[in-house]
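Spelled out from the first residue to the last, the chains are:
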Amino acid sequence: MFAATDTDLPDGLPDVRVAPDLAPGLLLADIAAAQDILGTQRISRLLILPGARDGLTPLPTLIPGSRIVEPQGGADVARLTDSFHLNLTAFGLLAFAVGLFIVHAAIGLAFEQRRPLFRTLRALGLPASRLTMLLAVELVAFTLVAGTLGILLGYLVAALLLPGVAATLSGLYGAGVAGQLSLSPVWWLSGFAMAGIGLAVAGGQSLWQLARLPVLAPAMPRAWARARAATLRRQAFGGAGLLGLSALLALFGTGLVVGFLCLGALLLGVALVLPPLLSLVLDFGSRAAKGAVAQWLWADARQQVPALSLALMALLLALAANIGVGTMVGSFRATFTGWLDQRLAAEVYLYASDEAQAAEMRAFLDGRVDAVLPVTLAPATLEGAPGEIFSQTDHATFRDNWPMLDAVPDAWDRLAAGKGALVNEQLARREGLWAGDTVDLSQGGTRTILGVYSDYGNPKGQAILNEDTFVEVFPEAQFLTFGLRLDPALAGPLVADLSDRFDLPPDRIEEQGAVKAAALGIFEQTFAVTAALNVLTLGVAAFALWASLTTLGTMRVPQVAPVWALGLTRARLAQADIVRALLLAAFTAILAVPTGVALAWVLLAVVNVQAFGWRLPLLPDPQSWVVLALAAMVAAGLAALLPAWRLWRMAPADLVKVFAHER
Amino acid sequence: MLLSVRAVEKSFETSEGPQPVLRGISFDLDGGRTLALTGESGSGKSTLLHLVAGLDVPDAGMIEVEGWDIAQMSDATRAALRRNAVGLIFQQFNLIPSLSVIDNLTFHARLADRDPGDVRGLADRLGLADHLHRFPEQLSGGQQQRVAIGRTLVARPRLVLADEPTGNLDEATGDAMMGLMRDMVAETGAGLLMVTHSERLAGMLDARLHLRAGQVA
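Being a predicted model, the structure only gives us computed values, none of them experimental.

Draft legend 1. Representation of the interface of chain B and chain A in the model. The interface of chain B with chain A comprises 32 residues on the first partner and 27 residues on the second. Residue assignment for the side of chain B that touches chain A shows that the elements contributing at least two residues are helix 1 (45-53), helix 2 (75-84) and helix 3 (101-111) of chain B. For the side of chain B that touches chain A, the element with the most residues is helix 2 of chain B, which contributes six residues. Of the residues assigned to the side of chain B that touches chain A, the class counts are 14 nonpolar, eleven polar and seven charged.

Set out below in structure tokens:
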């Protein structure tokens, strides 16, 4: 008998061995041992491998009462876990993109700082090709060191997050994921390949420019050259084009890959329009400013945009991802909790071991509760795919609470009269069937769809029949689960009475709160990885901003010194530095909000529908956006603190050096 | 007395110990007067100019501008002095790259809460009328130098400190700029202390102070 390392096992199991490759919560045993433990001789299902010879006796003939269910792509666990992986890959790529922006900015600034040295070396006769090669070797060396550290840190993060992810996939979809990591050569190779690609993308432009740098290149700062209107116009047009493409993909595209392309175009488009937009706003601010210092502050901030644009783009992407994913998770959480409140309306859920106990329980409950609502289900083929049919008693609990997305008039009356079925959203979206259409429920017959209900977390198609109809279709079905309606204040004592009377373990009788807590626990675990990646992305972006501001702080002394010489104190200049960083972060955060909301919309309305089969309403949470914007500004303020402090404490003699051509 | 310099000494730290740059410099400058500061490279002219401007403080001695001792001032007071009383023209122009020509011209005056006056008229006289909305990086060295001179003319300070202000200009333009500066000194009663290597320009001013190895020659 095998189980994963951290699996909670009941007492009394014989000789369980640890199998690190198993998913947590899964116990693997010989079929006879499993039947002993479960106290049954039944075999629930047989997995039939593909590739059987033709001409064999059909299984339903060999095993009377059995039914062959063909695998169906739409609800396949592999497809669901693939989409989960795709989600993680998308966020990983987003973090990679943010990193690329940062490295690009860092290499650009490093080259910019050494530009006078490069000119001197070239003037002294060092060929451009040799200089470029030397710098390329320098970059490769840095990449190797950084890549090694990155792979090791990635392994550490993966090892920390894996148990949660495996438990989530297992809990939500029943999918097994290996519970242990190994640092394989493929990891190393792919890690270094990513680092190499990153280097080529981030450093290629700088190396190319260096190779083509004329010996007597003008002393015009590159930052200024890049700020020229033509560059900004090109960025604006490129960004607008990508945003248009993103809108077209969102409106007319289908498929998960198109969903992610739409996301990519949206994020890259907004990142590209950020510098021209910022320049426009800061230019307007400079023109509108009244005082000389205010005008200089706005104009200076505008001039820093090209040098800071990549770090700001990284910050924008990180903020937008945080807002987008936060809005998605928040919308999901609000919808899910509302849905749980509706679906889990009964105060107590009771599970009988067999029909005899179920009958005893019902007799015991007679007069003690307001209603006993039996729940049962049977596996069934729905529109040719595996699914399940539920039985539902006609009761106000369902009529008042059941979360309907679409329904015909008098749906509940017609369901009670056995004149149709309800289907879940997954089945409706997959087959394009809505209220008023007919649905093929195999042995349940072809029935009119009376309503479509939301059914989050369930990968399968599902239908609901009235209890009487269900019993007609599945006469052998057993009613062993009951929802009990009673005064919530009496739920605790009733649970105690039932537990005593029937010697029930805790997992056979649950109060509503415990069921909800368990469901929410699984929910929170699902998004733990996303939250971790969000924090990581934001942290990396803040670091990029700090690195850029620190480097700029040194490069900017010649620009700041004249202002100081004309009568502004170093303290005031340092304050201006911080205000400038806050200004840029504030505008970036303002642009990140609509971007994040658009991102959330694409995730909820495009990606989620394609990946999971259900669509969620977008529920904005402006309070969290404000908190995030403030966090971005605090991060920017902190990032600007060190360079501002250096400027404040800079000795006048160092500032004077800017003007001193001789002593 | 507008400017009074007494026994000023200044040295800089080097790897070989303190390197004296100014040794006991003393001189006076009245309002409405012009003084040329000449000397070989490394004689300490620019250092003296920076000390007078309040950009740095002397190691010893006293520098008084309108009776106020720069060495006794706080950082903020020295900044206020530069803002309100001193006009600096640097050899390397040191314009503010993020501001247009017209904003550079008016910047110092606005910083000191002074009305910039007829800036366009002055720009016309400086030959900058067609460049008012350009940025410093889009101008030639000579044009930038004229903006730097114009910035001080617009601010109308009581003490003008100029470091080779016409070094990047041709002779005719340089002479025209000198004319403008002398006109301003005459109109406002300001004092002009100008570093120059040019005997011809030094000869245009009221007096001359020649430095040699950090001392008045």
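Past the structure itself, the notes keep going.
Draft legend 2. Layout of the packing of helix 9 (residues 256-288) of chain A against helix 10 (residues 292-343) of chain A. All names here are of chain A. Where helix 9 contacts helix 10, the two axes come as close as 9 Å, and the packing angle between them is 160°. In terms of orientation, helix 9 and helix 10 fall into the roughly antiparallel class. Two packed elements cross with a definite hand, and for helix 9 against helix 10 that hand is right-handed. When grouped by side-chain class, the residues that make up the contact of helix 9 with helix 10 number 17 nonpolar, five polar and two charged.

Draft legend 3. View of unusual backbone geometry. All names here are of chain B. In the Ramachandran plot, A7 falls in the positive-phi region, its phi being about 50° despite a non-glycine side chain. With respect to the secondary-structure elements, A7 resides in strand 1 (residues 3-14). Using a count of 13 C-beta atoms within 10 Å as the deciding quantity, one classes A7 as partly exposed. Phi at E164 is positive, roughly 45°, even though this residue is not glycine. Along the chain, the position of E164 falls in the loop between strand 7 (159-163) and helix 6 (171-188). Here E164 falls in the buried class, since 21 other C-beta atoms lie within 10 Å of it.

Draft legend 4. Just the UniProt feature "domain: ABC3 transporter permease C-terminal" (unreviewed entry) in chain A, in detail. Per the UniProt record, the feature "domain: ABC3 transporter permease C-terminal" (unreviewed entry) sits at residues 90-203 and 534-651 of chain A. Taken as a whole, residues 534-651 of chain A contains 86% helix and 0% strand, while its terminal C-alpha atoms sit 41 Å from one another.

Rules and cut-offs
- Residues numbered from 1 in each chain as written.
- Chains lettered and ligands numbered in written order.
- Predicted model: local features only at pLDDT ≥ 70, side-chain atom pairs only at ≥ 80, totals over all residues.
- Contact = placed C-beta atoms within 7 Å.
- Helix = DSSP H or I, 4+ residues; strand = E, 2+ residues; numbered from the N terminus.
- Nonpolar A, V, L, I, M, F, W, Y, C, P; charged D, E, K, R; others polar.
- Axes fitted to C-alpha atoms, helices over the stretch in contact; angles between N-to-C directions.
- Parallel < 35°, antiparallel > 145°, perpendicular 65-115°, else oblique.
- Left-handed = near helix turned anticlockwise from the far one by under 90°.
- Buried ≥ 20, exposed ≤ 12 C-beta atoms within 10 Å, placed from the backbone.
- UniProt positions renumbered as here; feature names shortened; annotations may be inferred.

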